[in-house]
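Per-entry structural report
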Amino acid sequence: MVGLKVDELSPSEYHPYYEPYIQMVGESDLSQCLTSGIDEMVHLVNGIDQEHMDYAYDTDKWTIGEVLVHLIDTERIFQYRALRFARGDKTPLTSFDQNRYVMASKANKKGKEVILKDFLAVRQATISLYEMFDTDELRQMGIASDAEMSVRALGFLICGHQKHHLRILRERYL
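This text gives an overview of the structure that appears in the document. Here the structure is a predicted model, which is why all the values come from computation and not from measurement.

Definitions and cut-offs
Residues numbered from 1 in each chain as written. Predicted model: local features only at pLDDT ≥ 70, side-chain atom pairs only at ≥ 80, totals over all residues. Heavy atoms only, no water. Helix = DSSP H or I, 4+ residues; strand = E, 2+ residues; numbered from the N terminus. Expected span 1.5 Å × (residues − 1). Buried < 20%, exposed > 50% of the residue type's maximum accessible area, 1.4 Å probe, protein only. Pairing = 2+ DSSP bridges. Core = buried A, V, L, I, M, F, W, Y, C linked by side-chain atoms within 4.5 Å. Phe/Tyr/Trp six-rings, centres within 6.5 Å; stacked < 30°, edge-to-face > 60°. Contact = heavy atoms within 4.5 Å. Salt bridge = Lys/Arg side-chain N within 4 Å of Asp/Glu carboxyl O. Axes fitted to C-alpha atoms, helices over the stretch in contact; angles between N-to-C directions. Parallel < 35°, antiparallel > 145°, perpendicular 65-115°, else oblique. Left-handed = near helix turned anticlockwise from the far one by under 90°. Nonpolar A, V, L, I, M, F, W, Y, C, P; charged D, E, K, R; others polar.

With 23 residues, helix H3 (residues 64-86) extends 33 Å from end C-alpha to end C-alpha; this agrees with the ideal 33 Å at 1.5 Å per step. Counting buried positions along H3 gives 20 out of 23 residues, so the element sits mostly inside the fold. Downstream of H3 by a residue or two, Gly-88 has a phi angle that is positive, lying close to 85°.

So, about the pairing of strand S1 (residues 141-144). By the bridge criterion, 4 bridges tie S1 to strand S2 (residues 147-150) in an arrangement that is antiparallel. Note that in S2 the partner of Gly-142 across the bridge is Met-149.

One finds Ile-22, Tyr-130, Phe-133, Met-149, Val-151 and Phe-156 to be the most contacted residues of the largest nonpolar core, which totals 32 residues. Those elements that provide at least two residues to this core are helix H1 (19-23), helix H2 (30-46), H3, helix H5 (112-132) and helix H7 (151-173). At 7 residues, H7 tops the list of elements feeding residues into this core. Counting residues in hydrophobic clusters, the runner-up holds 22 residues, among them Met-41, Phe-119, Ile-168 and Leu-169.

We now examine the packing of aromatic side chains. Counting across every chain of the model gives 7 aromatic pairs. With centroids separated by 5.1 Å and ring planes inclined at 80°, the aromatic side chains of Tyr-130 and Phe-133 adopt a geometry described as edge-to-face. You can call Tyr-130 buried: its relative accessible area is 0%.

Time to look at the side chain of His-161. Tracing the backbone through its elements, the reader meets His-161 in helix H7. Residues within four places of His-161 in sequence aside, it is in contact with Tyr-21, His-70, Leu-71 and Thr-74.

What follows is about the pattern of salt bridges. The final tally for this structure, using the stated rule, is 8 salt bridges. Among the ionic pairs, Arg-76 bridges to Asp-118, the shortest N-O distance being 2.8 Å. With Arg-76 in helix H3 and Asp-118 in helix H5, the pair connects residues that are 42 residues apart, well separated along the chain. Given the relative accessible area of 28%, Asp-118 is considered partly exposed.

Turning to the packing of H2 against H7, a few remarks are in order. At their nearest, the axes of H2 and H7 sit 10 Å apart, and the two run at 25° to each other. As far as their axial angle goes, H7 and H2 are roughly parallel. When you trace H2 past H7, the crossing you get is left-handed. Contacts from Leu-30, Cys-33, Leu-34, Gly-37, Glu-40, Met-41 and Leu-44 of H2 reach H7 at Gly-155, Phe-156, Ile-158, Cys-159, Gln-162, Lys-163, Leu-166, Leu-169 and Arg-170. In terms of residue class, the contact of H2 with H7 is made up of 10 nonpolar, 3 polar and 3 charged.

This is how it looks when you write it as structure tokens:
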């Protein structure tokens, strides 16, 4: 994983829908991106008052807590997909309804410390998982949400998805 750059990905390794997320990674390698994402999240969450965690900038928009739990849920799902694909599992995986997950998460009843602790555990698990993959495993492909995806693209997608939502939180919520 060390030294793996986003520009090494082929567009055939992910659905075009994910291009903006992949591009948000920039020049950092996957290892750096996963690790720096920890500091970004800790800094952002520590700057939010607990009373502000249930704030949504508009009707029918997720709250800050719901956005953060969405990031955690999505990372877990992408980890699972990466593991399945790395192990050569060719069973197509269905999509997930992110709005249902958010509504069922009860994020607004969780404290920011609990959410941050969960994020840190999930991110450490992601880093550990990707450290275990060799070059062949990182190149493995699978199908999720009716689209082909590589294990390495999923890693960059985890990073880009986080960057996307943290940017939205800074621009619209904080």
